[in-house]
Amino acid sequence: MLNLGRSGCKFDLNGGVLTKISPSIHYNDRLFNQYIKQQSFRCTEKFDTPETLRYNKEGDLNSFSMKYIKGMDFNNFCINSDINRILDFINSIISFIDNNLSNSFCTKIDSNVFSKKIYNLQNSIKDKDLDRYFDFLLSNKIDTLPIGYSHGDLTMANIIFSDKFYLIDFLDNLFETPLNDIVKIMQDAEHHWYLNITSVYSNKVTIFLNKLKDNMRDAFKRIIDSVEYVYLAILNLLRIIPYVNSKQEQNCIIDGLKKYEHFIANCR
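Small disclaimer: the values here were computed from a predicted structure and weren't measured.

We now examine the overall build of the chain. In terms of helices and strands, the chain carries 12 helices and 10 strands. For 268 residues, the compact-globule formula gives about 18 Å, and the C-alpha radius of gyration of the chain, at 18 Å, lands near that figure. In terms of principal-axis extent, the alpha carbons of the chain reach across some 55 × 45 × 40 Å. Burial status across the chain gives 50% buried among its 268 residues. When contacts within the chain are restricted to residue pairs at least 6 apart in sequence, long-range pairs at least 24 apart make up 71% of them.

So, about the packing of aromatic side chains. Working definition: an aromatic ring pair is given by the centre-to-centre distance plus the angle between the planes. Inspection of the entire model under this criterion finds 23 aromatic pairs. Between Y35 and Y55, the ring centres sit 5.1 Å apart and the planes meet at 50°, which makes this aromatic pair tilted. Of this pair, Y35 sits in helix α1 (residues 28-39) while Y55 sits in strand β5 (residues 52-56); the two residues are 20 residues apart in sequence, bridging distant segments of the chain. Of the two residues examined, Y35 and Y55, each falls in the buried class. Ring centres 6.1 Å apart and planes at 50° place the aromatic pair F74 and F89 in the tilted group. Within this pair, whereas F74 is found in helix α2 (residues 74-80), its partner F89 is found in helix α3 (residues 83-102), the two being separated by 15 residues in sequence. Pair check on accessibility: F74 and F89 agree, each one buried. The ring of F32 has K57 lying over it, and the distance from NZ or CZ to the ring centre is 5.0 Å.

Further remarks concern the packing of helix α6 (residues 178-189) against helix α8 (residues 203-219). The contact between α6 and α8 brings their axes to 8 Å, and the two run at 145°. In terms of crossing hand, the pair formed by α6 and α8 is left-handed. Along the contact surface, α6 presents I182, I185, M186, D188 and A189, while α8 presents L209, N210, L212, K213, M216 and R217. Tallied by class, residues from the contact of α6 with α8 come to seven nonpolar, one polar and three charged.

In regular strands, side chains alternate between the two faces of the sheet. Note: β5 against strand β6 (residues 63-67), four bridges, orientation antiparallel. Within β6, the residue paired with R54 across the bridge is S65. Between β5 and β6, which pair antiparallel and follow one another directly, the connecting turn spans six residues, one of which, G59, has a positive phi of 80°.

A few words on the environment of K126. The topology assignment puts K126 in the loop between α4 (111-125) and α5 (131-139). In this structure the C-alpha to C-alpha distance between K126 and T144, which are 18 residues apart in sequence, comes to 29 Å.

In an α-helix, one full turn covers 3.6 residues, which means residues spaced three or four apart are oriented alike. Within the sequence span of α5, burial applies to D131, Y133, F134, F136, L137 and L138. Buried residues along α5 sit in contact with α4, α10 (227-240), α11 (247-258) and α12 (261-267).

Core analysis: the largest hydrophobic core is formed by 67 residues, its most contacted members being F74, F89, F114, I182, Y229, I234 and L238. The element best represented in this core is α10, accounting for 10 residues. Ignoring anything within four residues of it in the chain, the contact list for F114 reads I109, I142, L145, L174, F175, Y231, L232 and L235. Formed by nine residues, the second largest nonpolar core is a distinct cluster that contains F11, Y27, L31 and Y35.

Turning our eyes to something else, we now look at the sheet that holds strand β4 (residues 47-48). Think of a sheet as strands paired side by side through backbone hydrogen bonds, with each pair either parallel or antiparallel. Taken together, three strands build an open sheet; the order of strands is β4-β10-β9 and the sheet is mixed. Of all the strands in the sheet, just β4 and β9 (159-161) have a single pairing partner and so form its edges. In the packing of α3 onto the sheet, contacts are made with β4, β9 and β10 (165-167), and the angle to β10 comes to roughly 45°.

Position of Q38 among the secondary structure elements: in helix α1. For Q38, a relative accessible area of 4% gives the class buried. Of note is the side chain of Q38, whose polar atom sits 3.0 Å from the backbone oxygen of P50. Aside from chain neighbours lying at most four places away, what touches Q38 is T49, P50, T52, F64, M66 and F170.

Further remarks concern the pairing of strand β2 (residues 10-14). Of the pairings in the sheet, the one linking β2 to strand β3 (residues 17-21) comprises five bridges and is antiparallel in character. Counted as the bridge partner of F11 is K20 from β3.

The rules behind the values
Residues numbered from 1 in each chain as written. Predicted model: local features only at pLDDT ≥ 70, side-chain atom pairs only at ≥ 80, totals over all residues. Heavy atoms only, no water. Helix = DSSP H or I, 4+ residues; strand = E, 2+ residues; numbered from the N terminus. Rg over C-alpha atoms; globule rule 2.2 N^0.38 Å. Buried < 20%, exposed > 50% of the residue type's maximum accessible area, 1.4 Å probe, protein only. Contact = heavy atoms within 4.5 Å. Phe/Tyr/Trp six-rings, centres within 6.5 Å; stacked < 30°, edge-to-face > 60°. Lys NZ or Arg CZ within 6 Å of the ring centre and 35° of its normal. Axes fitted to C-alpha atoms, helices over the stretch in contact; angles between N-to-C directions. Left-handed = near helix turned anticlockwise from the far one by under 90°. Nonpolar A, V, L, I, M, F, W, Y, C, P; charged D, E, K, R; others polar. Pairing = 2+ DSSP bridges. Core = buried A, V, L, I, M, F, W, Y, C linked by side-chain atoms within 4.5 Å. Polar contact = N/O pair within 3.5 Å; in protein donor to acceptor, adjacent residues only side chain to side chain.

As structure tokens, then:
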């Protein structure tokens, strides 16, 4: 049995079936939401997800099974693929997000949902050096978002590179917006979170993450420069802090937050 990722979920591989097991009773609802998102994912020419087979509520810990997909992680995909294949991935993921944005609707939201999450997070972290980021979030509430399809945790670690690009580890969010997926991609492409959690370093991986960052910025510049995006990006980085395992990871998050200092200063 494998224990992967930061959620604490365990994975059991038996033949061609992979079972994801909740780490606690409190995580069961979130696991079920992940199952529903994976089950309802509509595959495209480039993107797919492992077929879900069964959700199990027996016992204290829920689980669900899916077909096992053999493929590569992002490191090996970059190292073993030619430039055209990697550029195809970059273009495909931008097209995927752009399509989801086109099918979303600008919707009024309850900003108190964010405020409650921010207060709870600030109380759990209790770091005075981060108060200016919490103050920014609490002083610059957003009340509209493009609501539409979102994977929820669209990072390089949650993609299997095979005959298609298989999305895994879907995540429910406070609000379902494609902006979440831009934020999560940029978490790896701009802030290099992926490079901090991978065990294999390659200049080629870094080069293509930077290429992904540049292409994402070109494609979604208007969105990335918006207060809504910066709001979600800062909140996303703060939410990672309770899960960091090393000083290197902590520095990665802090450096990412500092990139928004100019934006914060101009909002005051």
